[in-house]
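# Tertiary structure, described
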Amino acid sequence: MNEVFSTISAVIKNRRSIKPAKMNGKKIPDEQVKEVLKLANWAPTHGRTEPWRFIVYSDDKVKQFCYQHAELYKANTPVEKFEQGIYDKQLHNGDLASHIVIAIMQRGDVPKIPALEEIAATAIAIQNILLGATAAGIASFLSTSGLTHHPAMKNFLQLKDEDVVMGIVYLGYSDEKMEGNRRTEMDEKATWK
Ligand SMILES: Cc1cc2nc3c(=O)[nH]c(=O)nc-3n(C[C@H](O)[C@H](O)[C@H](O)COP(=O)(O)O)c2cc1C
């Protein structure tokens, strides 16, 4: 294999989910985040619908979003099910992160392209961000916790019913070194005929 393969393999294998609590509070320059986001735009897309959309929170807006997320949880949870710990987790989830990026599949107007394929394209776009971040020395974490998939989040973000909130990506710097592992080898997951 050539050098490009070795480089991209290392980036793919070294990407780790680093929880925002393990980030160190240092700020990533907005320009770097923009460069990383540009990689999302190169995801493959059936019918060229390019359905990925991102809402980026930076600086004070990070904590503001976390507060709004916590409040959404409170407003949409019956009193008897409300857990202060979950509220606090969302409230403080971004305390040490630099940016929060909400990844959205915006359903296009080409009905012959199934929603599943637009979700797939957006998932690939997200992976481009995670890999780009890894290559740039930025820690990342894709979360679907809290109200990510709740209709209230869609409403809050002013999305259409057919759009999908795919996840919340936390970006920051981290001093942690995380080891990766997989439950089974690839040989057990690929069948050659
Ligand atoms: C669609 C999706 C949603 C995820 N949501 C969460 C989450 O809400 N909380 C969490 O701890 N990890 C979440 N993760 C991250 C996984 O925990 C992580 O990818 C897995 O443990 C493997 O670790 P690695 O990413 O370092 O290889 C999510 C991953 C994906 C793909």
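You'll find the structure just up there.
Let us look at the structure shown here. All values derive from a computational prediction rather than experimental measurement.

Conventions used here
Residues numbered from 1 in each chain as written. Predicted model: local features only at pLDDT ≥ 70, side-chain atom pairs only at ≥ 80, totals over all residues. Helix = DSSP H or I, 4+ residues; strand = E, 2+ residues; numbered from the N terminus. Rg over C-alpha atoms; globule rule 2.2 N^0.38 Å. Buried ≥ 20, exposed ≤ 12 C-beta atoms within 10 Å, placed from the backbone. Contact = placed C-beta atoms within 7 Å. Pairing = 2+ DSSP bridges. Axes fitted to C-alpha atoms, helices over the stretch in contact; angles between N-to-C directions. Near = placed C-beta within 6 Å. Nonpolar A, V, L, I, M, F, W, Y, C, P; charged D, E, K, R; others polar. Parallel < 35°, antiparallel > 145°, perpendicular 65-115°, else oblique. Left-handed = near helix turned anticlockwise from the far one by under 90°.

## A closer look at the overall build of the chain
The helix and strand inventory of the chain stands at six helices and four strands. Overall, the chain shows an N-to-C arrangement of helices and strands of α-α-β-α-α-β-α-β-α-β. Taking 2.2 N^0.38 as the reference for a compact globule, 193 residues should give roughly 16 Å; the C-alpha atoms of the chain span a radius of gyration of 18 Å, in line with that estimate. Scored against the burial criterion, the 193 residues of the chain give a buried share of 30%. Of the contacts formed within the chain by residues at least 6 apart in sequence, a portion of 83% connects residues at least 24 apart.

## So, the sheet that holds strand β3 (residues 139-143)
The antiparallel open sheet is built from four strands, whose spatial order is β1-β2-β4-β3. Because the sheet does not close on itself, it has two edges, and the strands there are β1 (52-58) and β3. Sheet twist, expressed as the mean angle between neighbouring strand axes with direction ignored, is 20°. Examined bridge by bridge, β3 and strand β4 (residues 164-172) share five bridges and lie antiparallel to one another. Each residue of the ladder has a partner; that of F141, found in β4, is Y170. Seen against the sheet, helix α2 (residues 30-40) touches β1, β2 (99-105) and β4 and runs at an angle of roughly 165° to β1. Helix α3 (residues 60-75) rests against β1 and β2 of the sheet, and its axis sits at about 110° to β1.

## Observations concerning the site of the ligand
Contacts to the ligand come from R16, S17, L142, S143, T144, S145, G167 and G180. Broken down by class, the residue content of the shell around the ligand amounts to one nonpolar, six polar and one charged.

## Focus: the environment of I129
Within the secondary structure layout, I129 lies in helix α5 (residues 115-135). Separated by 46 residues in the primary sequence, I129 and E83 place their C-alpha atoms 32 Å from one another. The residues touching I129, leaving out its near neighbours within four places in the chain, are V36, L37, L39, A40, V101 and V169.

## Some remarks on the packing of α3 against helix α4 (residues 84-92)
Packing of α3 against α4 brings their axes to within 7 Å, and their N-to-C directions diverge by 160°. Compared by their axis directions, α3 and α4 come out roughly antiparallel. With respect to the hand of their crossing, α3 and α4 are arranged in right-handed fashion. When α3 is examined against α4, the residues C66, Y67, H69, A70, Y73 and K74 are found in contact with a partner set consisting of I86, Y87, Q90, L91 and H92. Broken down by class, the residue content of the contact of α3 with α4 amounts to seven nonpolar, three polar and one charged.

By themselves these figures say nothing about function.
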